[in-house]
2 protein chains.
Amino acid sequence: MTNDNIVVTSRVRLARNVAHVPFPARLKDERAFSVVMKGAESTAKALFEYDFYRISTLSDVDKNTLVERHMISSDLTVNNTNGAIIISKDETVSVMINEEDHYRIQSIVSGYDLDTAYRKAIEYEDTLSKNVDIAYDNKLGYLTACPTNLGTGMRASVMMFLPALTMTNNIAKLVKTVQRMGLTVRGVFGEGSDTKGYMYQLSNEITLGLSEEDILKRLADIVNTTIKAEIQAREALLGADRDGITDRVWRAKGTLTNAYRLSSDECMELIALVKMGAQMGVIEADISTLDKLSVMCQPASLTKVKGQPMTPEERDKYRAEYIRQNLK
Amino acid sequence: MTNDNIVVTSRVRLARNVAHVPFPARLKDERAFSVVMKGAESTAKALFEYDFYRISTLSDVDKNTLVERHMISSDLTVNNTNGAIIISKDETVSVMINEEDHYRIQSIVSGYDLDTAYRKAIEYEDTLSKNVDIAYDNKLGYLTACPTNLGTGMRASVMMFLPALTMTNNIAKLVKTVQRMGLTVRGVFGEGSDTKGYMYQLSNEITLGLSEEDILKRLADIVNTTIKAEIQAREALLGADRDGITDRVWRAKGTLTNAYRLSSDECMELIALVKMGAQMGVIEADISTLDKLSVMCQPASLTKVKGQPMTPEERDKYRAEYIRQNLK
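Residues numbered from 1 in each chain as written. Chains lettered and ligands numbered in written order. Predicted model: local features only at pLDDT ≥ 70, side-chain atom pairs only at ≥ 80, totals over all residues. Heavy atoms only, no water.

**A few points about the overall build of chain A**
- Each helix and strand in chain A was counted, giving twelve helices and ten strands.
- For a compact globule of 328 residues, the expected C-alpha radius of gyration is about 20 Å, and chain A comes in at 21 Å, within 12% of that figure.
- Split into buried and exposed, the 328 residues of chain A put 56% on the buried side.
- Of all intrachain contacts in chain A linking residues separated by at least 6 positions in sequence, the fraction that spans at least 24 positions is 69%.
- Surface accessibility of chain A: about 14600 Å² in total, with carbon and sulfur atoms responsible for 49%.
- Computing the positive centroid from 41 side-chain charges and the negative centroid from 44, chain A places the two 2 Å apart. (Helix = DSSP H or I, 4+ residues; strand = E, 2+ residues; numbered from the N terminus. Rg over C-alpha atoms; globule rule 2.2 N^0.38 Å. Buried < 20%, exposed > 50% of the residue type's maximum accessible area, 1.4 Å probe, protein only. Contact = heavy atoms within 4.5 Å. Areas by Shrake-Rupley, 256 points an atom, 1.4 Å probe, with all protein chains shown as cover. Lys, Arg positive; Asp, Glu negative; His and termini not counted. Charge placed at Lys NZ, Arg CZ, Asp CG, Glu CD.)

**Points about the pattern of salt bridges**
- Taken as a whole, this structure holds 37 salt bridges over all chains when the rule is applied.
- The structure contains a network of salt bridges with shared partners spanning Glu 99, Glu 100, Asp 101 and Arg 104 of chain A. (Salt bridge = Lys/Arg side-chain N within 4 Å of Asp/Glu carboxyl O.)

**Thoughts on the pairing of strand E8 (residues 154–161) of chain A**
All names here are of chain A.
- Of all eight residues in E8, eight are buried; the element is thus mostly enclosed.
- Burial along E8 is two-sided: the face carrying Met 154, Ala 156, Val 158 and Met 160 and the face carrying Arg 155, Ser 157, Met 159 and Phe 161 are both buried.
- Bridge count for strand E1 (residues 7–16) against E8 is seven bridges, and the pairing is antiparallel. Among the inter-strand pairings, Leu 14 is bridged to a residue of E8, identified as Met 154.
- With five bridges connecting them, E8 and strand E10 (residues 199–204) associate as antiparallel partners. Bridge assignment links Ser 157 to a residue of E10, and that residue is Ser 203. (Pairing = 2+ DSSP bridges.)

**Points about the sheet that holds E1 of chain A**
Residues and elements named next belong to chain A.
- With antiparallel pairing, eight strands are arranged side by side in an open sheet as E2-E3-E4-E5-E1-E8-E10-E9. This sheet does not close on itself; its edge strands, each paired only once, are strand E2 (50–54) and strand E9 (183–186). On average, adjacent strands in this sheet sit at an angle of 20 degrees to one another, irrespective of strand direction.
- By the bridge criterion, four bridges tie E9 to E10 in an arrangement that is antiparallel. Within the sheet, the bridge partner assigned to Leu 183 lies in E10 and is Asn 204.
- Against the sheet, helix H5 (residues 114–131) contacts E1, strand E3 (84–88), strand E4 (93–97), strand E5 (103–110) and E8, and its axis sits at roughly 25 degrees relative to E1. (Axes fitted to C-alpha atoms, helices over the stretch in contact; angles between N-to-C directions.)

**Quick word on the relation of the copies chain A and chain B**
- Least-squares fitting of chain A to chain B yields an RMSD of 0.0 Å, with the superposition described by an axial translation of 0.0 Å and a rotation of 180 degrees. Overall, the copies show the geometry of a two-fold rotation axis. Scanning chain A for the C-alpha nearest the rotation axis identifies Gly 254 of chain A, at a separation of 2.1 Å.
- The fraction of interface residues of chain A whose copies in chain B are also interface residues reaches 100%, indicating that both copies meet through the same surface. (Least-squares fit on C-alpha atoms with pLDDT ≥ 70 in both.)

**Examining the environment of Arg 26 of chain A**
Residues and elements named next belong to chain A.
- With respect to the element layout, Arg 26 can be found in the loop between E1 and helix H2 (30–47).
- Accessibility expressed as a relative area gives 59% for Arg 26, which makes it exposed.
- The sequence separation of Arg 26 and Pro 299 amounts to 273 residues, and the corresponding C-alpha distance is 33 Å.

**Focus on the confidence of the model for chain A**
- Overall, the predicted model of chain A reaches an average pLDDT of 91, with 97% of residues at or above 70.
- Quick note on the complex model: pTM equals 0.87, ipTM equals 0.84. (pLDDT = per-residue confidence, 0-100.)

**Some details on the interface of chain A and chain B**
- On the chain B side, the residues contacting the 18 residues of chain A number 18 residues.
- Taken together, both faces of the contact between chain A and chain B bury some 1600 Å²; the carbon and sulfur share is 50%.
- Per-residue buried area on chain A facing chain B is highest for Trp 250, Arg 251 and Tyr 260 of chain A; these three make up 37% of the total on that side.
- Taken together, chain A and chain B are joined by six salt bridges.
- Residue Arg 261 of chain B pairs with Asp 247 of chain A through a salt bridge whose shortest N-O separation is 3.8 Å.
- Taken together, the links from chain A to chain B amount to ten residue pairs in polar contact (both at pLDDT 80 or more).
- The element best represented in the side of chain A that touches chain B is helix H8 (residues 212–258) of chain A, accounting for eleven residues.
- Among the residues forming the side of chain A that touches chain B, the class breakdown is four nonpolar, five polar and nine charged. (Buried area = accessible area lost by both parts, 1.4 Å probe. Polar contact = N/O pair within 3.5 Å; in protein donor to acceptor, adjacent residues only side chain to side chain. Nonpolar A, V, L, I, M, F, W, Y, C, P; charged D, E, K, R; others polar.)

**Things to note about the side chain of Gln 201 of chain B**
- Relative to the helices and strands, Gln 201 of chain B is located in strand E10 (residues 199–204).
- A polar side-chain atom of Gln 201 of chain B sits 3.1 Å from a polar atom in the side chain of Arg 11 of chain B.

**Topic: the packing of helix H10 (residues 287–296) of chain B against helix H12 (residues 312–326) of chain B**
Residues and elements named next belong to chain B.
- Relative orientation of the contacting elements H10 and H12 amounts to 165 degrees, with a least axis distance of 11 Å. Classified by the angle their axes make, H10 and H12 are roughly antiparallel. Of the two elements, H10 crosses H12, and the hand of that crossing is right-handed. On the side of H10, the interface is formed by Thr 289, Leu 293 and Met 296, while H12 contributes Tyr 322, Ile 323 and Asn 326.
- The residue inventory of the contact of H10 with H12, partitioned by class, reads four nonpolar, two polar and no charged. (Parallel < 35°, antiparallel > 145°, perpendicular 65-115°, else oblique. Left-handed = near helix turned anticlockwise from the far one by under 90°.)

**Observations regarding helix H9 (residues 264–280) of chain A**
- Spanning 17 residues, H9 of chain A covers 24 Å between terminal C-alpha atoms, matching the ideal 24 Å at 1.5 Å per step.
- Within H9 of chain A, 14 of the 17 residues are buried, which leaves it mostly tucked inside the rest of the structure. (Expected span 1.5 Å × (residues − 1).)

**Overview of the packing of H8 of chain A against H9 of chain A**
All names here are of chain A.
- Two numbers describe how H8 lies on H9: the axes approach to 9 Å, and their chain directions differ by 130 degrees. By the angle between their axes, H8 is oblique relative to H9. Of the two possible hands of crossing, H8 and H9 adopt the one that is left-handed. Where H8 abuts H9, its residues Arg 234, Leu 237, Leu 238, Arg 242, Ile 245, Arg 248, Val 249, Ala 252, Lys 253, Thr 255 and Leu 256 lie against Glu 266, Cys 267, Glu 269, Leu 270, Ile 271, Leu 273, Val 274, Met 276, Gly 277, Gln 279 and Met 280.
- Grouping the amino acids of the contact of H8 with H9 by side-chain chemistry returns 13 nonpolar, three polar and six charged.

**Some remarks on the nonpolar core**
Residues and elements named next belong to chain A.
- The biggest cluster of nonpolar side chains holds 92 residues, and the ones touching the most others in it are Val 12, Tyr 103, Tyr 124, Met 160, Leu 202, Leu 256 and Ile 323.
- Looking at which element gives the most residues to this core, the answer is H8, with 15 residues.
- Residues lining this core come from more than one domain, with at least three contributed by each of domain 1 (13–151) and domain 2 (157–328).
- When neighbours within four sequence positions are excluded, Val 12 is seen to be in contact with Ile 105, Gln 106, Ser 107, Leu 114, Ala 117, Tyr 118, Ala 121, Met 154, Arg 155, Ala 156 and Leu 216. (Core = buried A, V, L, I, M, F, W, Y, C linked by side-chain atoms within 4.5 Å. Domains from an automatic or database assignment.)

**Notes on the sheet that holds strand E4 (residues 93–97) of chain B**
Residues and elements named next belong to chain B.
- Here eight strands make up an open sheet; going across it, the order is E2-E3-E4-E5-E1-E8-E10-E9 and the pairing antiparallel. Only two strands of the sheet have a single partner each, and these edge strands are strand E2 (50–54) and strand E9 (183–186). The average undirected angle you get between the axes of adjacent strands in this sheet is 20 degrees.
- One ladder, built from four bridges, connects strand E3 (residues 84–88) with E4; its direction is antiparallel. Bridge pairing links Ala 84 to Ile 97 in E4.
- Strand contacts of helix H8 (residues 212–258): strand E1 (7–16), strand E8 (154–161), E9 and E10, with the helix running at about 10 degrees to E8, the strand carrying the most contacts.

Here it is as structure tokens:
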């Protein structure tokens, strides 16, 4: 059990705005909007290959697929006026334009690697600040639409896979510990979302009065503690009832690969159980395939694979078929 | 859906006793016992290849295996004094010696074929009556240890597979209809036993005042009615929710072929669901393999396969392993 198994992705997000331009909610002026856009695009052009989309040009399926892949927030999908998105071809950097702020620069990397995520986000921000005049106050730091992002404008987060802490009812305790450290625990799709497939997002709450380094350090500390707790919980589960865990995991595999229809939630839960089993050494399974399927089986991504609209009933059958074909 | 799918086996059993010899419960005299035994064995010798066992020489596993295969009753297994069993090599005829009566001649055949079962039982009885003096009263008919068997001494029964009537909650209605006709419905292992794997035994209750032909006719009538009801119930289930039935059957197959441990009851239930699905055309499966596994997975039969004693926990794991190996 390495740390990479437990921390699925690491993410750093920077909120930035152009000085003297109204925040997106009040940004009506086409010329001002053009300043915001051009700053973002010329920065991207200087750094990497990328795709650019205006939200208004995307279908619902395309928008929701991007949400399911954590490239954009669902808040951005409703901004058909001036919302846009830049995504680097390697998908490690994405820039939401005119979500709550003019720029939400985000870097997501696999596994436990906050430093790389931070480095990539800052690299974009450095170049961006040469292209546009970023709103900054010497006392408050970076100015943002919502005061909770003032200061560093940075949110660092990790997505953690915590099945054993969930099964042993230790998540409430984790949430308390995390909050005491000034951090927060959320579901897979951010604020207010449900937990699915034993996945939890740990992130900093405070952006003001701490340096970027402090934020990353605090997060790393709680992540390390959580990794240890999850490993201990897994060992405890195996010690208490190895046969029971094995049976549960094997049955999950059986249902996953034999069901005639599968809801999105059940599918994620079953994939998570098999993944846990593989990590615990009680079943053989390719974890990267499971991770891919976990994303692909979400409604919009699945519709994109199918290439045509489906009723929810058809989608549940197609999901089961897709899993059967891709998981042997 | 042919009738053979619904009637799994047909059975005729004749209770007979040697005249002027005490019934088994009071049979202490070794010489009289020898008369009973020799009559049975010389009859078998004249008719077919057979195996003969005295109950006292059989291990518990061997005795219980015979019970699981419906060759002997569990009542016989406790008669270590003078109990014995003759089984024809083709297993269509078995004779329990000194169960409740001196002889319980039984013929079981596959599918819906009471005539063959009756013919085989009567063939044995004909020859037997030439070898020993059978207790018979002109007014009462064949004399038996228990008055409920007086008269013909015959019990005819069929084992029926009724998943759709079970799922649509129509079994209580069936039991009432059957009782009104002077017949009875029991679980898989006879009187007082539970129903397992959607299997029900329909048999005559009355042995006195009816001819053998009448008994067979009455049973055949109710069996035909029940077959029709089961077929209708299956069509209704498919009509109402084909996808739901398919999903349930496919998941049962998934659990059956992937579980790490399986109890005997769960195993029978899952096998029955897959068998139902195969008969209804929603899954491909070899029904004869399923029927064999349904017997082999019972505790004693499984222990015999393994060749060594197992704890219940070990047996549940071995059962799952055995199913995985034998059901692809």
